[in-house]
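In case you want the letters, here they are:
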Amino acid sequence: MNRRSLPVAAAFAATTALLLTACGSGDDSSKGNDKIAGAGSGASTSSASPTASPGGSAQHPKVTLPGDLTNDFDDWKTGDATKDAVLADASRRIDALAYAITQGNADEPALGFYYKGDALVGASQWVKGFVDAKKSMTGDTRYFRPRLNVYAKDKATLSYCSFEGKAFAKDLKTDKVDKTPVTNKSYLLYVTRLERNDKGVWQTAVLNSERANSACTP
């Protein structure tokens, strides 16, 4: 379901092979990407990272990443209120996962706020892999080329790319950063399905990814 790039995935090759499959971000293509309704269609987004005010009645959790870890969202705003609300919650979901890893908490409440169902299980397992290996994350990940399709009142698909060649695993005991070379496998294509709950939060219900997909590589 989620991932952390080639560098991080390489660092956990032995300990998180099953998590890579569960999270949909292993070295092989994730299964079922083409089964998500509307995936890869819809208008491309434009402008800066999402700043739309969240809709509904939910009080969004505060998530602050440490200074050595950043997520950059390129062109994650459309000017359409509904689409921007979807993109905003999707970007917050990405931040929530990174936050849970840095906090070493597989039960971080922000995960349950932005994930649901199997996607939530996968997210928790992914974080647990870091916790068990006594690792955290550092560096920068860029998310780009979002393609969004709101195909029903409370349902949407979102695909996007990431460049994770500057994001790395970090040993919590030694602070050693596990750096690896940038290759095409540092680029991932994500395909997700989101559902809006009764509080207006767009939760990620399905998340698959494929490394080195030509839609994302240079």
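Only a predicted model underlies this, so the values are computations on that prediction, with no experimental measurement involved.

Parameters and conventions
Residues numbered from 1 in each chain as written. Predicted model: local features only at pLDDT ≥ 70, side-chain atom pairs only at ≥ 80, totals over all residues. Heavy atoms only, no water. Helix = DSSP H or I, 4+ residues; strand = E, 2+ residues; numbered from the N terminus. Buried < 20%, exposed > 50% of the residue type's maximum accessible area, 1.4 Å probe, protein only. Contact = heavy atoms within 4.5 Å. Expected span 1.5 Å × (residues − 1). Polar contact = N/O pair within 3.5 Å; in protein donor to acceptor, adjacent residues only side chain to side chain. Disulfide = S-S within 2.5 Å. Pairing = 2+ DSSP bridges. Phe/Tyr/Trp six-rings, centres within 6.5 Å; stacked < 30°, edge-to-face > 60°.

Q: Would you mind showing me how to read the overall build of the protein chain here?
A: Each helix and strand counted, the protein chain has five helices and six strands in total. Helices (α) and strands (β) of the protein chain occur, in sequence order from the N terminus, as α-α-β-α-α-α-β-β-β-β-β. Per-residue burial for the protein chain yields a buried fraction of 52% across its 218 residues. At a minimum sequence separation of 6, the contacts of the protein chain that also span at least 24 residues come to 73%.

Q: Any chance you could explain helix α3 (residues 81–103) here in plain terms?
A: The α-helix advances 3.6 residues per turn, and as a result positions three or four apart in sequence lie on the same side. Taking 1.5 Å of rise per residue, 23 residues should cover 33 Å, and α3 covers 32 Å from first to last C-alpha, within 8% of that figure. When you tally the buried positions in α3, you get 17 out of 23 residues, the bulk of the element. Structurally, the start of α3 carries an N-cap: the backbone nitrogen of Thr-82 is 3.2 Å from a side-chain oxygen of Asp-80. Among the residues trailing α3, Gly-104 stands out with phi positive, at a value near 65°.

Q: Would you explain helix α5 (residues 117–132) in this entry?
A: Between its terminal C-alpha atoms α5 stretches 23 Å, which fits the 22 Å expected from 16 residues at 1.5 Å a residue. Immediately beyond the C-terminal end of α5, within one or two residues, lies Lys-134, with a positive phi of roughly 55°.

Q: Looking at this model, I keep getting lost on the state of the cysteines. Mind explaining?
A: Simply put, disulfide is the name for a covalent bond between the sulfur atoms of two cysteines. Applying the stated criterion across every chain, the model contains one disulfide. Disulfide partner of Cys-161: Cys-216, at an S-S distance of 2.0 Å. Of note, the bridge from Cys-161 to Cys-216 carries an S-S torsion of about -75° and is left-handed in sense. Separated by 55 residues along the polypeptide, Cys-161 in strand β3 (residues 155–171) and Cys-216 in the segment after β6 (202–211) bring together distant segments of the chain. Neither Cys-161 nor Cys-216 differs from the other in exposure class; each is buried.

Q: I keep staring at the pairing of β3 and nothing clicks. Help me out?
A: Two faces, one strand: in a regular strand the side chains alternate between the faces of the sheet. Burial analysis of β3 places 15 of its 17 residues in the buried class, which makes it a mostly covered element. As defined by bridge partners, strand β2 (residues 135–152) adjoins β3 across 13 bridges and the pair is classed as antiparallel. When the bridges of β3 are listed, Lys-135 appears paired with Asp-171. Where β2 folds back onto β3 in an antiparallel hairpin, the turn is made up of two residues.

Q: Would you mind showing me how to read unusual backbone geometry here?
A: The general pattern is negative phi for most residues beyond glycine and trans for most peptide bonds. The residue Asp-75 is not glycine, and still its phi comes out positive at about 65°. As for its placement among the helices and strands, Asp-75 is situated in the loop between β1 (69–73) and α3. Although it is not a glycine, Lys-134 sits at a positive phi angle of roughly 55°. As for its placement among the helices and strands, Lys-134 is situated in the loop between α5 and β2.

Q: Can you help me understand the packing of aromatic side chains in this one?
A: Two descriptors summarise a pair of aromatic rings, namely the distance from one centre to the other and the angle between the planes of the rings. Tallied over the full model, the rule gives eight aromatic pairs. Note on Tyr-143 and Tyr-160: the rings are 6.0 Å apart at their centroids and 65° apart in plane angle, and the pair reads as edge-to-face. Note that Tyr-143 is positioned in strand β2 and Tyr-160 in strand β3, a separation of 17 residues in sequence. Ring centres of Tyr-160 and Tyr-190 lie 5.0 Å apart, and the angle between their planes is 15°; this geometry places the pair in the stacked category. Taken together, the residues Tyr-160 in strand β3 and Tyr-190 in strand β5 (residues 187–196) connect sequence positions 30 residues apart.

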